[in-house]
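Listed below are the residues making up each chain.
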Amino acid sequence: MPASEAHDYLWDAAGQPEAEIVRLEQLLAHYRQTAPPRPLPALERAPWWVVLYWSRACRVAAAVAAAAVLLLIAPWTIRRVAYPHGSCDALCLAGMPRINGRSISNSAEIATGGLVETDSSSQAEIRIGLVGRVTVLPNSRMRMVEMRPGRYRMALERGKISARTLAPPFTFVVDTPGPTAYDVGCAFTLETDERGSGLLRVTSGWVQLELDDRQILIPAGAVSPLRPGGNLGTPYFEDAPEAFRVALASLDFGPQDAAKRAAALADLLAAARSRDVFSFQEMLRTASGEERRRLVDRGTALLPPPPGVTRAGLLRGDEAMMDAWRSQLGLGEPKRWWLDWRDILP
Amino acid sequence: MEPGTTRTELARLVAAARDGDQDAFHQLYRCYARMVHGILLACAPHHAVEDLVQEVFLQAYRQLPRLRDPAAIGGWLAAIARNLSRDHFRRTRETAELTDTHAAPGNPAAAVEAAAVLALIRSLPDAYRETLVLRLVEGMNGPEIAERTGLSPGSVRVNLHRGMKLLRERLERRDPHAGV
């Protein structure tokens, strides 16, 4: 390539000069800056606060200060938003639910002591900050008993609720005419009538039912029947065989005649799967004598306990051995409730 | 930037000037005065440009703590120069360059012609006039303009060629027979 073509004179001022551009350069040259440029007068530095303001150290310090303020404020703000105190929101989901006797069509605030009532065509939702949501289903009556960070207590007088919560265990409590349900980070439905007859169904996490000195921890997938007069049924997995469920109901609530109980127990043991040993373990809390021996023998055959757990230990109710045997069910840990956060999503 | 002034050296000069080293700042002044002069001349009257160049650097010295990236000093100085020339224009409302002809030594006819050409360059869009002044008046080549103003070489090249084309058209429109 010839040198003149390799260069673009306007661009790099090299190679064959273009007459027109050279003429312009010569013509305009007297406007060019004199070299060397005129000396600068005395230089005046920026005031110290300007230097400080624009310095990296100052910006870093400002960022750190802002982060510190955020860190101080955030827990307070989160607590305030997540854990309401004294009142929360009630929303109408269908029909015209009543809050403290007044029908609502949109939303209302409900305070401690407030009453939510639904008829056959209405539903309401109670939003308790970020702790949880309770849907009050038709034909229900529920009172807000306590609302403060760390404890949200409701009393379901009758009807059915569906609750989804994400809170440390025992933050969320529902009283019924029978037992009290303590949330252990989960989703569940609870229904009861005025006499205390109903059902608890756990769909995620765990719920603890308490009545007097009896406590039952119910995992996801299991249900626990409630009967009038504070009669708690043995919890069982909903997918248990029909024969198992019938036999269990007979043992829990049927005639206490020895021959009939023995027959029901035989049916129960015959129909049980390894997963149903969960119900056996609950029954072993109260069973004694021959029933206890049969439950242990069939249970250990269906779900062998880990080494170190002995038949004698299970028969005498050794708590450590019972716990080790329960762990064989692989139902997870109630303590890890916060891993169930997906279950509370709408 | 003077030939051979590397980015590292430039960063060192800017950092030193920011810390109050006046020698370092004077070195930056010598490096960038021509570029600043060209940018000012693209807007401001010639007789005011020398003073404005000094004002640009005095202001830059005071504002130097705000400059975060030393490599951006060219573009930063150019921005200060543009702001100052706009302020000057607002203050004086001068549009004519007649006084510049008196300052030109030698041939008065050439001085009148130079003022007219400069006025035509100043009538071009912003992007073209600065680049053309730096090239035709200050005698900087394309790569030098790109390096000092912080523009990309591609942009400078495009601005030079499009600006030159527009300038030719306006020169011909002014006097179709005279050429430059």
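Calculation criteria
Residues numbered from 1 in each chain as written. Chains lettered and ligands numbered in written order. Predicted model: local features only at pLDDT ≥ 70, side-chain atom pairs only at ≥ 80, totals over all residues. Heavy atoms only, no water. Helix = DSSP H or I, 4+ residues; strand = E, 2+ residues; numbered from the N terminus. Buried < 20%, exposed > 50% of the residue type's maximum accessible area, 1.4 Å probe, protein only. Contact = heavy atoms within 4.5 Å. Areas by Shrake-Rupley, 256 points an atom, 1.4 Å probe, with all protein chains shown as cover. Rg over C-alpha atoms; globule rule 2.2 N^0.38 Å. Lys, Arg positive; Asp, Glu negative; His and termini not counted. Charge placed at Lys NZ, Arg CZ, Asp CG, Glu CD. Arc of directions from axis to C-beta. Polar contact = N/O pair within 3.5 Å; in protein donor to acceptor, adjacent residues only side chain to side chain. Buried area = accessible area lost by both parts, 1.4 Å probe. Salt bridge = Lys/Arg side-chain N within 4 Å of Asp/Glu carboxyl O. Domains from an automatic or database assignment. Nonpolar A, V, L, I, M, F, W, Y, C, P; charged D, E, K, R; others polar. Pairing = 2+ DSSP bridges. Phe/Tyr/Trp six-rings, centres within 6.5 Å; stacked < 30°, edge-to-face > 60°. Lys NZ or Arg CZ within 6 Å of the ring centre and 35° of its normal.

1. Examining the overall build of chain B
No. 1: What chain B contains, in helices and strands, is nine helices and zero strands.
No. 2: From first element to last, N terminus to C terminus, chain B shows the α and β order α-α-α-α-α-α-α-α-α.
No. 3: Relative to its 180 residues, chain B shows a buried fraction of 50%.
No. 4: For chain B, the share of sequence-separated contacts (at least 6 apart) that also reach a separation of at least 24 residues comes to 67%.
No. 5: For chain B, the exposed surface amounts to about 8200 Å²; the carbon and sulfur share of it is 52%.

2. A word on the overall build of chain A
No. 1: Across its full length, chain A holds 11 helices and 18 strands.
No. 2: Whereas a compact globule of 346 residues would reach a radius of gyration of roughly 20 Å, chain A reaches 37 Å, over 25% beyond that.
No. 3: Expressed as lengths along the three principal axes of its C-alpha atoms, the size of chain A is roughly 125 × 60 × 45 Å.
No. 4: Out of the 346 residues in chain A, the part that is buried amounts to 42%.
No. 5: For chain A, long-range pairs separated by at least 24 residues make up 45% of all intrachain contacts whose partners lie at least 6 apart in sequence.
No. 6: Split by element, the accessible area of chain A, about 17500 Å² in all, is 55% carbon and sulfur.
No. 7: Each charge class in chain A was averaged separately, 40 positive and 39 negative side chains, and the resulting centres sit 4 Å apart.

3. Things to note about the environment of Leu137 of chain A
Residues and elements named next belong to chain A.
No. 1: Along the polypeptide, Leu137 turns up in the loop between strand S7 (132–136) and strand S8 (141–148).
No. 2: Spatially, the C-alpha atom of Leu137 lies 9.8 Å from that of Pro97, the residues being 40 residues apart in sequence.
No. 3: Here Leu137 is in contact with Thr118, Ser122, Gln123, Lys160, Ile161 and Ser162, once residues within four sequence places are set aside.

4. As for helix H11 (residues 319–327) of chain A
In an α-helix, one turn spans 3.6 residues, which is why side chains three or four residues apart end up on the same side.
Residues and elements named next belong to chain A.
No. 1: When we look at burial in H11, the residues that qualify are Met321, Met322, Trp325 and Arg326. One side of H11 holds all its buried residues, which, seen down the axis, span an arc of 140°. Looking at H11, the residues exposed on the side facing more than 90 degrees away from the buried face are Ala320 and Ser327.
No. 2: Buried residues in H11 make contact with helix H8 (277–283), helix H9 (289–302) and helix H10 (311–315).
No. 3: A distance of 3.0 Å separates the backbone nitrogen of Ala320 from a side-chain oxygen at the start of H11, and that oxygen is part of Asp318.

5. Here we look at the interface of chain A and chain B
No. 1: Taken residue by residue, the interface counts 33 residues in chain A and 52 residues in chain B.
No. 2: Both sides of the chain A and chain B interface together cover about 4100 Å² of buried area, and 63% of this is carbon and sulfur.
No. 3: Remark: the boundary between chain A and chain B carries five salt bridges.
No. 4: With its nearest N and O atoms 2.5 Å apart, the salt bridge here joins Glu25 of chain A to Arg135 of chain B.

6. Digging into the domain arrangement of chain A
All names here are of chain A.
No. 1: What the domain assignment lists for chain A is domain 1 (48–82), domain 2 (88–233) and domain 3 (241–336).
No. 2: One C-alpha centre belongs to domain 2, the other to domain 3, and the line joining them spans 30 Å.
No. 3: The interface is formed by 12 residues belonging to domain 2 together with nine residues belonging to domain 3.
No. 4: Carbon and sulfur atoms supply 67% of the area that domain 2 and domain 3 bury against each other, a total of about 900 Å² over both sides.
No. 5: Counting every contact that joins domain 2 to domain 3 gives zero salt bridges.
No. 6: Elements represented by at least two residues in the side of domain 2 that touches domain 3 include exactly strand S15 (214–219), strand S16 (222–227) and strand S17 (231–232).
No. 7: Tallying contributions element by element places S15 first for the side of domain 2 that touches domain 3, with four residues.
No. 8: Across the side of domain 2 that touches domain 3, the residue classes tally to eight nonpolar, three polar and one charged.

7. Focus on the environment of Ile39 of chain B
All names here are of chain B.
No. 1: Here Ile39 is to be found in helix H2 (residues 22–41).
No. 2: Overall, the relative accessible area of 0% leaves Ile39 in the buried class.
No. 3: Taking the C-alpha atoms as reference points, Ile39 and Arg68, separated by 29 residues in sequence, lie 22 Å from one another.

8. Description of the pairing of strand S13 (residues 198–204) of chain A
Residue and element names in this part refer to chain A.
No. 1: With five of seven residues buried, S13 lies mostly within the body of the structure.
No. 2: Note: strand S12 (residues 187–192) against S13, six bridges, orientation antiparallel. Bridged to Thr189 within S13 is Arg201.
No. 3: What sits between the antiparallel neighbours S12 and S13 is a turn of five residues, in which Gly196 has the positive phi angle 100°.
No. 4: The sheet contact formed by S13 and S16 spans four bridges and is antiparallel.

9. Here's the deal with the pattern of salt bridges
Residue and element names in this part refer to chain A.
No. 1: Taken as a whole and judged by the stated rule, the model has 31 salt bridges over all chains.
No. 2: Two residues, Arg141 and Glu157, come together in a salt bridge whose shortest N-O distance is 2.5 Å. Taken together, the residues span a long stretch of sequence, with Arg141 in strand S8 and Glu157 in strand S9 (residues 151–165) at a distance of 16 residues.
No. 3: Given a relative accessible area of 23%, Arg141 falls into the partly exposed group.
No. 4: The class of Glu157 is partly exposed, set by a relative accessible area of 26%.

10. Things to note about the packing of aromatic side chains
No. 1: Under the counting rule described, the total for this entry stands at five aromatic pairs over all chains.
No. 2: Plain terms: the ring middles of Phe25 of chain B and Phe57 of chain B are 6.2 Å apart, the flat faces sit at 70° to each other, and that makes the pair edge-to-face. Pair noted here: Phe25 of chain B is in helix H2 and Phe57 of chain B is in helix H3 (residues 46–63), with a separation of 32 residues, a long-range link. Take Phe25 of chain B and Phe57 of chain B: they sit in the same class, and that class is buried.
No. 3: Here the aromatic residues Phe25, Tyr29, Phe57 and Tyr61 of chain B are joined through ring pairs into a cluster of three or more.
No. 4: The ring of Phe237 of chain A carries the charged tip of Arg275 of chain A above its face, separated from the ring centre by 3.7 Å.
No. 5: Taking NZ or CZ as reference, Arg135 of chain B lies 5.3 Å from the ring centre of Tyr9 of chain A, over its face.

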